[in-house]
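Inside the fold
For reference, the chains in residue letters:
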Amino acid sequence: TIQAYQEDGDWNNRMQTINNISLINSNQENNDNQGPHILLYQNNLEIKDGGALFSNADITISLIDESGINLINTAVGHKTQYAFNDGTLTSIPSNEFLFTNCDTGYVTIPIPQSFSSGKHKLYVESWDGVNNESNREIYFHIIEDDTYINKVYPIPNPFSDYTNFTMITNYL
């Protein structure tokens, strides 16, 4: 049975009752004991710990969980939220989270404009529909140039006559 009520805090104002609702493919046992899988992207590229980010491009937080994502911001401590550089946690409003299906979705957050070049931290925490928590913390470097090269390695190393270099870059 589903009962719908007015949103005035008085549960005596019942508006409608619907009986005999069938749940198809319902699994009453839930063995989910893992929180949401948290992935971070910038410009459709996954952000790795220690990676380089552009200050003028947003970060996408992608959440995946077989039990759904808990976006009810009224529960104490059970919010999807993030913080930069150990700052105040910012809750993600449920109307900004975009579901791609019932167990996956994403939200886009801006990098603070006050960030200068250098090392910064992002912390994300989220809860699933059966109250399992996950959190992820990454460090990243803000770069201000359009092109960067990082982690340059000679291969083979050591070498005698010649070598090749391998590197991480944002330029293809």
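The structure we're discussing is the one just above.
Residues numbered from 1 in each chain as written. Predicted model: local features only at pLDDT ≥ 70, side-chain atom pairs only at ≥ 80, totals over all residues. Heavy atoms only, no water.

**Quick notes on the sheet that holds strand β3 (residues 37–42)**
Taken together, five strands build an open sheet; the order of strands is β4-β3-β6-β10-β9 and the sheet is antiparallel. The open sheet terminates on both sides in strands that have one partner only, identified here as β4 (45–46) and β9 (98–101). Judged from the five bridges that link them, β3 and strand β6 (residues 59–64) form a sheet pairing that is antiparallel. Residue pairing for β6: L40 is matched across the bridge by I61. (Pairing = 2+ DSSP bridges. Helix = DSSP H or I, 4+ residues; strand = E, 2+ residues; numbered from the N terminus.)

**Considerations on the environment of E137**
Note on placement: E137 falls in strand β12 (residues 133–143). When the C-alpha positions of E137 and Y123 are compared, they lie 4.4 Å apart, and in sequence the two are 14 residues distant. E137 has contacts with D49, K121, L122 and Y123, leaving out every residue within four places of it along the chain. (Contact = heavy atoms within 4.5 Å.)

**Observations regarding the sheet that holds β12**
Each strand in a sheet pairs with its neighbour through backbone hydrogen bonds, running either in the same direction (parallel) or in the opposite one (antiparallel). Here five strands make up an open sheet; going across it, the order is β5-β12-β11-β7-β8 and the pairing mixed. Pairing within the sheet leaves two strands with one partner each, and these edge strands are β5 (51–54) and β8 (90–91). As paired strands, strand β7 (residues 81–84) and strand β11 (residues 118–127) are joined by four bridges and run antiparallel to one another. Residue Y82 lies in a different strand from β11, and its bridge partner there is V124.

**Focus on the packing of aromatic side chains**
In total, this model carries four aromatic pairs according to the counting rule given. Relative to F99, the ring of F97 lies with its centre 4.9 Å away and its plane at 70°, an arrangement referred to as edge-to-face. For K119, the ring lying beneath its charged end belongs to Y139, and the centroid distance is 4.9 Å. (Phe/Tyr/Trp six-rings, centres within 6.5 Å; stacked < 30°, edge-to-face > 60°. Lys NZ or Arg CZ within 6 Å of the ring centre and 35° of its normal.)

**Some words on the pairing of β6**
Relative to strand β10 (residues 104–109), β6 is paired through six bridges, and the arrangement is antiparallel. Considered in β10, the bridge of I59 is made with I109.

**Brief notes about a nonpolar patch on the surface**
Side chains of I149, V152, F165 and M167 sit close together on the surface and give an oily, nonpolar patch of about 400 Å² of accessible area. Among the elements of the structure, β13 (149–155) and β14 (164–169) are those that each provide at least two residues to the nonpolar patch. With respect to the element layout, F165 can be found in strand β14. The class for F165 is exposed, based on a relative accessible area of 52%. (Patch = residues over 30% accessible without salt bridge, like charges linked within 9 Å, V, L, I, M, F, W, Y side chains within 5 Å. Areas by Shrake-Rupley, 256 points an atom, 1.4 Å probe, with all protein chains shown as cover. Salt bridge = Lys/Arg side-chain N within 4 Å of Asp/Glu carboxyl O. Buried < 20%, exposed > 50% of the residue type's maximum accessible area, 1.4 Å probe, protein only.)

**Brief notes about the pairing of β10**
Along a regular strand, successive side chains alternate from one face of the sheet to the other. Relative to β10, β9 is paired through three bridges, and the arrangement is antiparallel. Looking at the pairing, N101 lines up with T104 of β10. Linking β9 to β10, which pair antiparallel, is a turn of two residues.

**Concerning the nonpolar core**
Soluble globular proteins: nonpolar side chains tend toward being buried together. L40, I59, I61, Y82, F84, L122 and F140 are the most contacted members of the largest nonpolar core, which totals 22 residues. Every element with two or more residues in this core is listed here: β3, β6, β7, β10, β11 and β12. Apart from residues lying up to four places away in sequence, Y82 is in contact with I61, T88, L89, T90, I92, I109, L122, Y123 and V124. (Core = buried A, V, L, I, M, F, W, Y, C linked by side-chain atoms within 4.5 Å.)

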